[in-house]
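Breakdown of the fold
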Amino acid sequence: MTNRNRIGMALLAFAMLLTACGNPLEGGAEGGAGGDIVIGASDVGESLLLAEIYAGALRNAGADNVTVRPPVGGREVVVQALRDRSLTLVPDYSGNLLRYFDDDNEATTPEAVYTELRKVLPEQFEVLDQAPAQNTDVLVVREDLADKGIRTISDLAPRCEQLTFGGPGQWADRWKAKIKQLYDCEFAAITVTDTGGPVTVAALRSGEVQVADLFSTSATIGANGFVPLDDDKNMFPAQNIVPLVAKGALSQRESDALDALSAVLTTDKLTELNVQYSERKRNPLDIAEDFLRDNGLS
């Protein structure tokens, strides 16, 4: 047999091997990319909890080599990591993602935000089903003010000129004009506290501020007896929990497992998860395991 024939036979055998085993460079048919599934999480407790719950759901669906890698940095870092496949997926928030990819988009409701997000998402990415659960900005007041008939931002509006607001430094730039436009609300003063943290909580508890900006799933709202106000004119964009995935990196079975998880994840359940983590100091892995079992996902 000539050298040319030997080479031809070798190439034919190699091609047959690839056909039998599947091309390792072509992912998505049975096991996603055919390798590790790496889930990114930030150093925020909620993100870590969601990442561990995602990981457990994927393992229960038969996925191997699933790991959680916290923290991964800001959204720019996450997007690049998904592009180069060093990350497979991350839990994220629909409104923030939409603003990242289309800063001028005015969608605010859950359905509109999700629809617009899918339109503007670059082709390297995909979002799976969004959860009913949201973690969005929410204006909160103490119970004594709420008891005066203040349950929505519209209820609050006629009193705004008598009240001091507390929130993060960028709040006035982003929302002062918007709340005036939608609700005709203009606070007597705006005090810079922090981003939904202990400074804001302390200022509201002490009465230094009478209205504050927190996050809707924050354990501190219930722990302090604060009352969240309904954003009845949708000033804040929806922030539904949604898996952001490197396109084609998951199999259909894996995607279905995350869709089933999202379907049962409500804002109340997410808030309770945060309570278990931040107030009761439970281990994230234990919280994730209990959540999946209690919701029929294990």
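These numbers come from a predicted model, not from an experiment. (Residues numbered from 1 in each chain as written. Predicted model: local features only at pLDDT ≥ 70, side-chain atom pairs only at ≥ 80, totals over all residues. Heavy atoms only, no water.)

What to know about the packing of aromatic side chains
For the structure shown, the criterion picks out six aromatic pairs. Ring geometry for Phe165 versus Trp171: centroids 4.1 Å apart, planes at 35°, classification tilted. Both residues of the pair, Phe165 and Trp171, belong to the buried class. Ring centres of Phe165 and Phe187 lie 5.2 Å apart, and the angle between their planes is 25°; this geometry places the pair in the stacked category. Here the residue Phe165 occupies a position in strand 6 (residues 164–167), and Phe187 occupies one in the loop between helix 8 (171–183) and strand 7 (189–192), the gap between them amounting to 22 residues. An identical accessibility class is assigned to Phe165 and Phe187; each is buried. Aromatic rings pair up to connect Tyr100, Phe101 and Phe125 into one cluster. (Phe/Tyr/Trp six-rings, centres within 6.5 Å; stacked < 30°, edge-to-face > 60°. Buried < 20%, exposed > 50% of the residue type's maximum accessible area, 1.4 Å probe, protein only. Helix = DSSP H or I, 4+ residues; strand = E, 2+ residues; numbered from the N terminus.)

Overview of the side chain of Ser262
Relative to the helices and strands, Ser262 resides in helix 11 (residues 252–264). Ignoring any residue separated from it by four or fewer positions in sequence, one finds Ser262 in contact with Asp129, Gln130, Ala131, Pro132 and Pro243. (Contact = heavy atoms within 4.5 Å.)

A short note on the sheet that holds strand 8 (residues 211–215)
In a beta sheet, neighbouring strands pair by backbone hydrogen bonds and run either parallel or antiparallel. Across the sheet, which stays open at both edges, the five strands sit in the order 7-6-8-5-9 with mixed pairing between neighbours. Where the open sheet ends on each side, the last strands, each with one partner, are strand 7 and strand 9 (227–228). Note: strand 5 (residues 137–141) against strand 8, five bridges, orientation antiparallel. The residue bridging Val140 from the neighbouring strand is Ala212, located in strand 8. Helix-sheet contacts for helix 8 involve strand 5, strand 6, strand 7 and strand 8, and the interaxial angle to strand 7 is about 155°. Most of the contacts of helix 9 (residues 198–206) go to strand 8, to which it runs at about 145°, and overall it touches strand 5, strand 6 and strand 8. (Pairing = 2+ DSSP bridges. Axes fitted to C-alpha atoms, helices over the stretch in contact; angles between N-to-C directions.)

Section: the pattern of salt bridges
As enumerated under the stated definition, the model contains 11 salt bridges in all. The residue Glu186 makes a salt bridge to Lys180 at a minimum N-O spacing of 3.8 Å. The partly exposed category is assigned to Glu186, whose relative accessible area is 45%. Measuring nitrogen to oxygen at the nearest pair gives 3.0 Å for the salt bridge that ties Arg280 to Glu272. (Salt bridge = Lys/Arg side-chain N within 4 Å of Asp/Glu carboxyl O.)

Considerations on the pairing of strand 10 (residues 241–246)
Of all six residues making up strand 10, six are buried, and the element is well covered by its neighbours. Where burial is concerned, the two faces of strand 10 agree: the one with Ile241, Pro243 and Val245 and the one with Val242, Leu244 and Ala246 are both buried. One ladder, built from five bridges, connects strand 3 (residues 89–93) with strand 10; its direction is antiparallel. Across the sheet, residue Pro91 finds its bridge partner in strand 10, namely Pro243. Relative to strand 10, strand 4 (residues 125–127) runs antiparallel, the two sharing three bridges. The residue bridging Phe125 from the neighbouring strand is Ala246, located in strand 10.

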